[in-house]
Amino acid sequence: MSILLDTSARVVVQGITGRQGTFHAQRMAEAGTNVVAGVTPGRAGAAVDGLPGVPVFNTMAEAVSDTGANAACIFVPPPFAADAILEDIAAGLELIVCITEGIPTIDMLRVMPMLQASSSRLIGPNCPGIAVPGANVKVGIMPWEIHAPGRVGVVSRSGTLTYEVVQHLTDSGLGQSAAVGIGGDPIIGTRFTDVLELFEQDDETDGIVLLGEIGGGDEEQAARFVRERVTKPVSAFIAGKTAPPERRMGHAGAIVSGSEGTAAGKEAALREAGVRVGDTPREAVELLAAQLR
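Residues numbered from 1 in each chain as written. Predicted model: local features only at pLDDT ≥ 70, side-chain atom pairs only at ≥ 80, totals over all residues. Heavy atoms only, no water.

S.K.: How would you summarise the overall build of the protein if you had to cite specific residues and measurements?
M.R.: Looking only at helices and strands, the protein has nine helices and 13 strands in total. In terms of overall dimensions, the protein is globule-like: its C-alpha atoms have a radius of gyration of 18 Å, near the 19 Å expected for 293 residues. Once the C-alpha set of the protein is aligned to its principal axes, its extents read approximately 55 × 40 × 30 Å. Here the protein holds 293 residues, and the buried ones make up 56% of them. Roughly 12,000 Å² of accessible area belongs to the protein as shown, and the carbon and sulfur atoms make up 50% of that amount. When the 22 basic and 34 acidic side-chain charges of the protein are each reduced to a single mean position, those positions are 3 Å apart. (Helix = DSSP H or I, 4+ residues; strand = E, 2+ residues; numbered from the N terminus. Rg over C-alpha atoms; globule rule 2.2 N^0.38 Å. Buried < 20%, exposed > 50% of the residue type's maximum accessible area, 1.4 Å probe, protein only. Areas by Shrake-Rupley, 256 points an atom, 1.4 Å probe, with all protein chains shown as cover. Lys, Arg positive; Asp, Glu negative; His and termini not counted. Charge placed at Lys NZ, Arg CZ, Asp CG, Glu CD.)

S.K.: Go over the sheet that holds strand β5 (residues 95–98) with me, naming the residues and quoting the values.
M.R.: In a beta sheet, neighbouring strands are held together by backbone hydrogen bonds and run either parallel or antiparallel to one another. In space, the six strands of this open sheet follow the order β3-β2-β1-β4-β5-β6, with parallel pairing throughout. On the outer flanks of this sheet lie β3 (56–57) and β6 (121–123), each paired with one strand and no other. One ladder, built from two bridges, connects strand β2 (residues 34–39) with β3; its direction is parallel. Residue pairing in the sheet places G38 in a bridge with V56 of β3. Running over the sheet, helix α2 (residues 60–67) touches β1 (10–14), β2, β3 and β4 (71–74) and is turned about 145° from β2. (Pairing = 2+ DSSP bridges. Contact = heavy atoms within 4.5 Å. Axes fitted to C-alpha atoms, helices over the stretch in contact; angles between N-to-C directions.)

S.K.: An account of the nonpolar core is needed here, citing residue identities and associated values.
M.R.: Judged by nonpolar contacts, the single largest core of 52 residues is most densely connected at L5, I16, V97, I130, V155 and F199. Once you skip the residues sitting within four places of it in the chain, V155 turns out to touch V180, I182, F192, V195, F199, I208, V209, L210 and L211. Counting 28 residues, the second largest nonpolar core, distinct from the first, contains V39, V76, I89 and L122. (Core = buried A, V, L, I, M, F, W, Y, C linked by side-chain atoms within 4.5 Å.)

S.K.: Describe in detail the packing of aromatic side chains, supporting the description with residues and values.
M.R.: In the structure shown here, the tally under the stated rule is zero aromatic pairs. Over the ring of F23 we find R27; its NZ or CZ atom is 4.5 Å from the centre of that ring. (Phe/Tyr/Trp six-rings, centres within 6.5 Å; stacked < 30°, edge-to-face > 60°. Lys NZ or Arg CZ within 6 Å of the ring centre and 35° of its normal.)

S.K.: Hey, could you go over the packing of helix α5 (residues 159–171) against helix α9 (residues 281–292) for me, with residue numbers and the actual values?
M.R.: Viewed as axis vectors pointing N to C, α5 and α9 meet at an angle of 45°, and their least axial separation amounts to 9 Å. With respect to α9, the element α5 is oriented oblique. Crossing angle aside, the handedness with which α5 passes α9 is right-handed. Mapping the contact onto sequence places L161, E164, V165, H168 and L169 in α5 and P281, R282 and V285 in α9. Here the residues of the contact of α5 with α9 sort into five nonpolar, one polar and two charged. (Parallel < 35°, antiparallel > 145°, perpendicular 65-115°, else oblique. Left-handed = near helix turned anticlockwise from the far one by under 90°. Nonpolar A, V, L, I, M, F, W, Y, C, P; charged D, E, K, R; others polar.)

S.K.: Please give an account of the sheet that holds strand β11 (residues 207–213) that cites residues and values.
M.R.: Strand order in the open sheet formed by seven strands is β8-β7-β10-β9-β11-β12-β13, and the pairing between neighbours is mixed. Each edge of the sheet is formed by a strand with only one pairing partner; in this case those strands are β8 (137–140) and β13 (276–277). Bridge count for strand β9 (residues 149–156) against β11 is five bridges, and the pairing is parallel. Bridge pairing in β11 links S156 to L211. The sheet strands contacting helix α7 (residues 218–229) are β11 and β12 (234–239), and the helix crosses β11 at an angle near 155°.

S.K.: I'd love a proper account of unusual backbone geometry, names of residues and values included.
M.R.: A cis amide bond links G124 to the next residue, P125, at an omega of 10°. Note on placement: P125 falls in the loop between β6 and β7 (129–132).

S.K.: An account of the pairing of β12 is needed here, citing residue identities and associated values.
M.R.: Looking down a regular strand, the side chains alternate between one sheet face and the other. Burial analysis of β12 places six of its six residues in the buried class, which makes it a mostly covered element. Covered by surrounding structure in β12 are V234, A236 and I238 together with S235, F237 and A239, the residues of both alternating faces. Considered for its hand, the β-α-β crossover made up of β11, α7 and β12 is right-handed. In this structure, β12 lies alongside β13, joined through two bridges in parallel fashion. Residue A236 lies in a different strand from β13, and its bridge partner there is V277. (Right-handed = clockwise from strand over helix to strand, strands pointing away.)

Structure (structure tokens):
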């Protein structure tokens, strides 16, 4: 089985008539993803370059009613992205992938109670999405050409680190069962522990690469989860070793405050849990490969 995505995914792209929405909707379709519709308020009936059979609706409710969509990918500007997530929840979508970066924290605080009371799963915001090479499906912005079917799960807070590790896995002949970018914001819908549990239960995943970064306590929580619940080999890389304190590095959540959230602390927690931690993304792949052999 695949985690989160398989060939049954029927995807609506919110913001499909914008430059980024159009570009990445085309790339998703080229990968094999079933892009069934787009949503842009006030643009119902618009044509989408390169996607002549994909209708555009004003609302997600209309798109779901007409196409039977069960997943969404959000390319909506930050001031409106939280409302796009809430619209997806109200429409009953199973999977919501929010690519948008820069959503105000107060907006996500408004989203979270509605999300937690629903059956929808949110990936992101500020994430690269999900790719499942064996199912020829991706939702988001990951470059498809670097992926290859395999049996290693990748979960990451960083988009570019995800791409680097995916390329190393492909070059090494291991490939990926799935790659999941959970996002780099302080408030996100799906965390390391959620994805680790999915990989642990997935019979098509033999090992896991975890890519973390400074800030917050998610990696420490992941370490505890691995120690208590994960039987498969796990390797990791933590970005941000040289970042100065109190300065945000790239992601809104990547900031060391006081003694918390340091790379050294995260690495120590992971090693204590039995995770092999690499000094580079490539070394993290090599460490996992050695365990799988």
